[in-house]
Amino acid sequence: MSTPDRDAHEGWLAEMGHAIRHRGPDAGSLWLDDRVAMVHRRLSILDLTDAGIQPMASASGRYIIAFNGEIYNYRELRQALIADGVTFRTRTDTEVLLALFEQRGVDCLDSLNGMFAIAIWDTSAKQLFLARDRLGKKPLYYYREGGRFAFASEIKALLPAPFVRTELRPDAVKDFFAYQYVPDPKSIYRNIHKLRPGHWLITNGDELRQHQYWNVSFASPSTSSEDELKAGLYDLINDAVRLRMVSDVPLGAFLSGGVDSSAVVGLMAGQSTRPVTTCSIGFDSKRFDEVEWARKVAGQFGTDHHEFTVRENVAANIDGIARYFDEPFADPSFVPTYFVSQLARQKVTVALAGDGGDENFAGYSKYRIDQTENQLRRLFPGALRRALFPGLGRMAGRIGSPITRKAESLLGTLAMDPDRAFFTTNCFFRQGLWDELVRDDLRRETAEYDPAEITRAHYADADTDDHLGKILYTDLKTYLPGDILVKVDRMSMAHSLETRAPLLDYRVVEYAASLPSALKLHRGEKKYLLKKSFEGMLPDDVLYRQKMGFSVPLAHWLRHEIRGLADSVFTDDDGGLAECFDMNKVRQLWQRHLQGQDHHTQELWSMVAFELWWRAYERSNGK
């Protein structure tokens, strides 16, 4: 590469790195040859010296790595490599990962316990290796078109590359409104894709190969006793917490007062010689505020506890917060997640969190609702359900009362197969409303596409006949990586805060999958065995109270805190929303909401979220 070419490349490569400086404010460096260029931003966690700066070359010089994340078992791996004669120059997990890859190639992934997005350039074979952790904790996007290939942790880091062209993907737009996020491997753009969790990719620039190296199995439920399973689960989560407490910088935890985060904090306290730093978020609305429970747990374990209340700061910050998502994203709990991350970063650089408990152990109310629906479904022959229930549902819906609307919904889902019913019950933008609002162009482009097929495909892929196992598998493949982990990653990294989730240790996930479904959802009790495992550590009123999760007063926000923003969205006939929907009909929906009808709160919020994204990324590009 000539000097002018190199200078030109370094210019836009620096822009790519700057776009994600929030993910790594401590150092930035680049490496390039005549085929490949890599830029890395570092958030220093292990070995804070300059020896840990990336991209990093292997001892032989053959491999160059840029790596985002943490390998929690790197110390054990390091000792095994030393026993094999490997010598190390740093105390980083990056160098361990690089040496392990040099020794084992792609098979090294089987040995890793961590969260990661990995890029390794083989200077000899002239090929690039990409890999993403098993559950999808760390993001990894790639662009491919016309012999050009680029990858990054966030889409915004791809955009400065001069060859990257963006064009909206219509089926991804429809996916967003159904799911409130864009499920992998799609992105909102046609030529930008997500590497799926548990997959690796190898490319030489022309050809591309992908492979799934890990999957979770529900095929073999354990026959051990409840007491044995309870003790085994406690020990496993305790070890997962231990691994995640290794850090050369201050470390703390998110604490909501629910069983998941409380268990993590309790285990941390048992392994720490000093008080654990804990952070909680509250709301002015008593209905949504749970800080008193977090305060109780903090008192029990003697933590150094900190709280923040979300008040008028919503309207002032929501536009800026939404910019951290490079795609439309409408889980409103990103707002409190942003603020709890901001609070935590004032005290620590690493925070442990309770994410994963609900998906692994059936903690969401939707699982109990689905179980009830499925029990009712089995009482009636399929032919009768399909022939009779939809008509009865429509009749009930015409009455218009809250009870008959619920009856319409229930009868409609009872007429469906279990997989489609699970999608429909949890779809955030019903097909009927979509048909009513969507503009003709988008209607034609998506007429043959049904977002339910994503849910149904994963449901069918689960290696079990157990219905709860199938929907938990589906959520581990869709909702967890597409919503929960995106929310936590973007909102924590917005503040250069690393979050670690012991309940998403792949060993915990595999153990949970091996539990009989009756020990997860037991006579209506959610997360049954998980709660039983911590009865000796947490009080019953923490374990068995009704948990809200990170809920927000969304209907109230739309009418009050963010009313002005919402008004600007729904009166804008030149925005991105206007390219999707009939704005006159949208405004009618908005007026009904302002009059107190909350039937379409989530749909209206998703429209606001879509427009916030469009203004940040599409309008700013002159579209």
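These numbers were taken from a predicted model, which means no experiment stands behind them. (Residues numbered from 1 in each chain as written. Predicted model: local features only at pLDDT ≥ 70, side-chain atom pairs only at ≥ 80, totals over all residues. Heavy atoms only, no water.)

Next up on the list: the packing of aromatic side chains. Evaluation of the coordinates by the stated rule reveals 31 aromatic pairs. Ring geometry for Phe177 against Phe610: centres 5.4 Å apart, planes inclined by 35 degrees, an arrangement best described as tilted. Of this pair, Phe177 sits in helix H4 (residues 170-179) while Phe610 sits in helix H26 (residues 601-617), and the two are 433 residues apart along the sequence. Phe610 matches Phe177 in its accessibility class, with the two residues each being buried. Ring centres 6.4 Å apart and planes at 50 degrees place the aromatic pair Phe329 and Phe334 in the tilted group. (Phe/Tyr/Trp six-rings, centres within 6.5 Å; stacked < 30°, edge-to-face > 60°. Helix = DSSP H or I, 4+ residues; strand = E, 2+ residues; numbered from the N terminus. Buried < 20%, exposed > 50% of the residue type's maximum accessible area, 1.4 Å probe, protein only.)

Looking now at the environment of Tyr141. Among the secondary structure elements, Tyr141 is positioned in strand E7 (residues 141-145). We classify Tyr141 as buried; its relative accessible area is 4%. On a C-alpha basis, the gap between Tyr141 and Ile155 in space is 6.6 Å, while along the polypeptide they are 14 residues apart. Contact partners of Tyr141, with chain neighbours within four places excluded, come to Ala150, Phe151, Ala152, Ser153, Glu154, Ile155, Leu158, Ile192, His193, Lys194, Glu327 and Arg490. In terms of polar contacts, Tyr141 uses its side chain to reach the side chain of Glu327, at 3.2 Å. (Contact = heavy atoms within 4.5 Å. Polar contact = N/O pair within 3.5 Å; in protein donor to acceptor, adjacent residues only side chain to side chain.)

Okay, helix H18 (residues 467-477) next. The buried fraction of H18 is high, at 11 of 11 residues. The set of residues buried in H18 consists of His467, Leu468, Gly469, Lys470, Ile471, Leu472, Tyr473, Thr474, Asp475, Leu476 and Lys477. With a side-chain oxygen lying 3.4 Å from the backbone nitrogen of Leu468, the N-terminal cap of H18 falls on Asp466.

Spatially, the three strands line up as an open sheet ordered E8-E7-E9, and their pairing is antiparallel. Two strands bound the open sheet, and with one partner strand each, they are strand E8 (148-152) and strand E9 (192-194). Adjacent strand axes in the sheet meet at a mean angle of 25 degrees when their direction is disregarded. Alignment of E7 against E8, held across five bridges, turns out to be antiparallel. Residue pairing in the sheet places Tyr142 in a bridge with Phe151 of E8. (Pairing = 2+ DSSP bridges. Axes fitted to C-alpha atoms, helices over the stretch in contact; angles between N-to-C directions.)

Moving on: the side chain of Asp93. Counting through the fold element by element, Asp93 comes out in helix H3 (residues 93-104). Among buried Asp, Glu, Lys and Arg side chains, Asp93 stands out as unpaired, with Arg500 the closest opposite charge at 7.1 Å. A polar contact is formed between the side chain of Asp93 and the backbone nitrogen of Ile71, at a distance of 2.9 Å. (Lys, Arg positive; Asp, Glu negative; His and termini not counted. Salt bridge = Lys/Arg side-chain N within 4 Å of Asp/Glu carboxyl O.)

What follows concerns the side chain of Thr94. As for its position among the elements, Thr94 is in helix H3. For Thr94, a relative accessible area of 4% translates into the label buried. Reaching out from Thr94, the side chain makes a polar contact with the side chain of Gln54 at a distance of 3.3 Å. Contacts of Thr94, omitting those with residues within four sequence positions, involve Gln54, Met56, Ile65 and Phe67.

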